[in-house]
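Observations on the three-dimensional arrangement
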Amino acid sequence: MSASEVLAYYTQPGPLSDAGAHREALLAVPGDLPSILTAVQGVLVHQALTHLYGFELAEARRETAHLRAADRILGQILDDDARPLADPREPQHRLACTCRTFTLVTVAALRAHGVPARARCGFLHYAPGTDWYIDHWVAEHWDGERWVLSDAQMDPVQVKEFGLDFDPADVPRDRFVVAGQAWSAYRAGELDADKCGLPGIPGESGPWWIAGNLIRDVAALSNMELLPWDGWGRMPEPEDEIGTDLVALLDELAAVTADPDTAADVRSRYEADERLRVPERVRNHLHQAYETVIPVD
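What comes next is a walk through the structure. Worth saying up front: this structure is predicted, and the values here are computed from it rather than measured.

Turning next to the overall build of the protein. Counting its regular elements, the protein contains 10 helices and 10 strands. Reported as C-alpha extents along the three principal axes, the dimensions of the protein are approximately 55 × 45 × 40 Å. Burial status across the protein gives 54% buried among its 297 residues. Sequence separation of 24 or more characterises 70% of the internal contacts of the protein that already satisfy a separation of 6 or more. Split by element, the accessible area of the protein, about 12900 Å² in all, is 50% carbon and sulfur. With 26 positive and 48 negative side-chain charges, the protein shows a separation of 2 Å between the mean positions of the two kinds.

As structure tokens, then:
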């Protein structure tokens, strides 16, 4: 794929980043990155960090984190509050979600404004007080010269809480490590896989977690941005041995996806390989059930 074809591909919405009937609501947000990030931060709140904003989240409100498609996410936001998306809601009235939702809505907004953008799955390395690489998603957009990582979740409250020493609109690539980069570093003995995942939760880290995120990143680079807890294809379970064949596949995928300038090359491989391709139904591990990725109304 030529460079112009890559940029054109990432300007078009995918099945989950399509704003649908709410595209005009995204277009009403100014199209520059700071305005988009501010708008996204004004309508979403991370379900695990509501204490930073002075409230505790009711358990029932956590279900909105399971919304996969941008049109449904935006529809829920606007059903709750019909004001323009650029009008910030009070934190307790924002849609509860995860980093993946912040990323998806940012990607949808950038694409609506004609900016090439895509979601990236990997690990943040800027949580205070820990040397862990924590499961995370960020947006990646083309600024005319290079692919730039932006952490849409990091509003001023979290910038202060995390003690960030960089602009979250331009995250250094050693502070957010895409999954392919993490896999290659693990294979080279440069990264402890047992510190990749979710700290403080037994069993929620390890090579299997890096492998799962690499397959999620491959899907996202192919415009299929699944939930962080969705499973399909050749993703290993915690108890699975990652055998020779899977290691070879992951090595190959990591070599392509770690470099933002070649990451789009993985798309043809994704489309041809059922071990990678997102099926009609995936397993939502939190719901412990198989669910349709793109439900029909």
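After that view, the rundown keeps rolling.
It is worth spelling out unusual backbone geometry at this point. Although it is not a glycine, Asn223 sits at a positive phi angle of roughly 65 degrees. Looking at the element boundaries, Asn223 is found in the loop between α8 (207-221) and β8 (230-231). Phi is positive for Gln288, which is not a glycine, with a value near 55 degrees. With respect to the helices and strands, the residue Gln288 is situated in the loop between β9 (281-284) and β10 (289-292).

Attention now moves to the pairing of strand β3 (residues 117-124). The buried fraction of β3 amounts to 8 of the 8 residues, a majority that puts the element mostly inside the structure. Alignment of β3 against strand β4 (residues 133-142), held across 8 bridges, turns out to be antiparallel. Within β4, the position partnered with Gly122 by the bridge is His136. The sheet contact formed by β3 and strand β6 (residues 176-178) spans 3 bridges and is antiparallel.

Turning to the packing of aromatic side chains, a few remarks are in order. What the rule picks out here adds up to 6 aromatic pairs. A cation over a ring is seen here: Arg118 above Tyr10, with NZ or CZ 4.9 Å from the ring centre. Of note, Arg267 hangs over the ring of Tyr9, and the distance from its end group to the ring centre comes to 3.8 Å.

Take the sheet that holds β9 next. Hydrogen bonding along the main chain pairs the strands of a sheet, whether they run parallel or antiparallel. If you trace the 3 strands from one edge of the open sheet to the other, you get β8-β9-β10, paired in antiparallel fashion. Lying at the two open borders of the sheet, with one neighbouring strand each, are β8 and β10.

Moving on to the environment of Ser17. Relative to the elements of secondary structure, Ser17 occurs in the loop between α1 (3-9) and α2 (23-27). Note: C-alpha distance between Ser17 and Leu44 (27 residues apart in sequence) is 16 Å. When residues no more than four places from it in sequence are discounted, the contact partners of Ser17 are Ala70, Leu104, Ala108, Arg111 and Glu225. A distance of 2.8 Å separates a polar side-chain atom of Ser17 from the backbone nitrogen of Gly14.

Let's shift gears to the packing of helix α7 (residues 179-187) against α8. Between α7 and α8, the least distance of the axes is 8 Å, while the angle of their chain directions is 145 degrees. Both α7 and α8 take part in a crossing whose hand is left-handed. Residue-level inspection shows Ala179, Gly180, Ala182, Trp183 and Tyr186 of α7 in contact with α8, the latter providing Pro207, Ile210, Ala211, Asn213, Leu214 and Asp217. A class-by-class count of the residues in the contact of α7 with α8 yields 8 nonpolar, 2 polar and 1 charged.

Turning our attention to the environment of Tyr290. Here Tyr290 lies in strand β10. According to the relative accessible area criterion, Tyr290 is exposed, its value standing at 51%. Contacts of Tyr290, omitting those with residues within four sequence positions, involve Arg281, Val282 and Arg283.

Attention now moves to the nonpolar core. The biggest cluster of nonpolar side chains holds 43 residues, and the ones touching the most others in it are Trp183, Leu214, Leu226, Trp232 and Val278. Every element with two or more residues in this core is listed here: α1, α7, α8 and α9 (244-257). When residues no more than four places from it in sequence are discounted, the contact partners of Trp183 are Pro207, Ile210, Ala211, Leu214, Ile242, Val247, Leu250, Asp251 and Ala254. Counting residues in hydrophobic clusters, the runner-up holds 36 residues, among them Ala70, Cys99, Cys121 and Ala152.

So, on to the pairing of β9. Bridge count for β8 against β9 is 2 bridges, and the pairing is antiparallel. Bridged to Gly231 within β9 is Arg283. Linkage of β9 to β10, two consecutive antiparallel strands, is achieved through a turn of 4 residues, within which Gln288 is found at a positive phi near 55 degrees.

Criteria and cut-off values
- Residues numbered from 1 in each chain as written.
- Predicted model: local features only at pLDDT ≥ 70, side-chain atom pairs only at ≥ 80, totals over all residues.
- Heavy atoms only, no water.
- Helix = DSSP H or I, 4+ residues; strand = E, 2+ residues; numbered from the N terminus.
- Buried < 20%, exposed > 50% of the residue type's maximum accessible area, 1.4 Å probe, protein only.
- Contact = heavy atoms within 4.5 Å.
- Areas by Shrake-Rupley, 256 points an atom, 1.4 Å probe, with all protein chains shown as cover.
- Lys, Arg positive; Asp, Glu negative; His and termini not counted.
- Charge placed at Lys NZ, Arg CZ, Asp CG, Glu CD.
- Pairing = 2+ DSSP bridges.
- Phe/Tyr/Trp six-rings, centres within 6.5 Å; stacked < 30°, edge-to-face > 60°.
- Lys NZ or Arg CZ within 6 Å of the ring centre and 35° of its normal.
- Polar contact = N/O pair within 3.5 Å; in protein donor to acceptor, adjacent residues only side chain to side chain.
- Axes fitted to C-alpha atoms, helices over the stretch in contact; angles between N-to-C directions.
- Left-handed = near helix turned anticlockwise from the far one by under 90°.
- Nonpolar A, V, L, I, M, F, W, Y, C, P; charged D, E, K, R; others polar.
- Core = buried A, V, L, I, M, F, W, Y, C linked by side-chain atoms within 4.5 Å.

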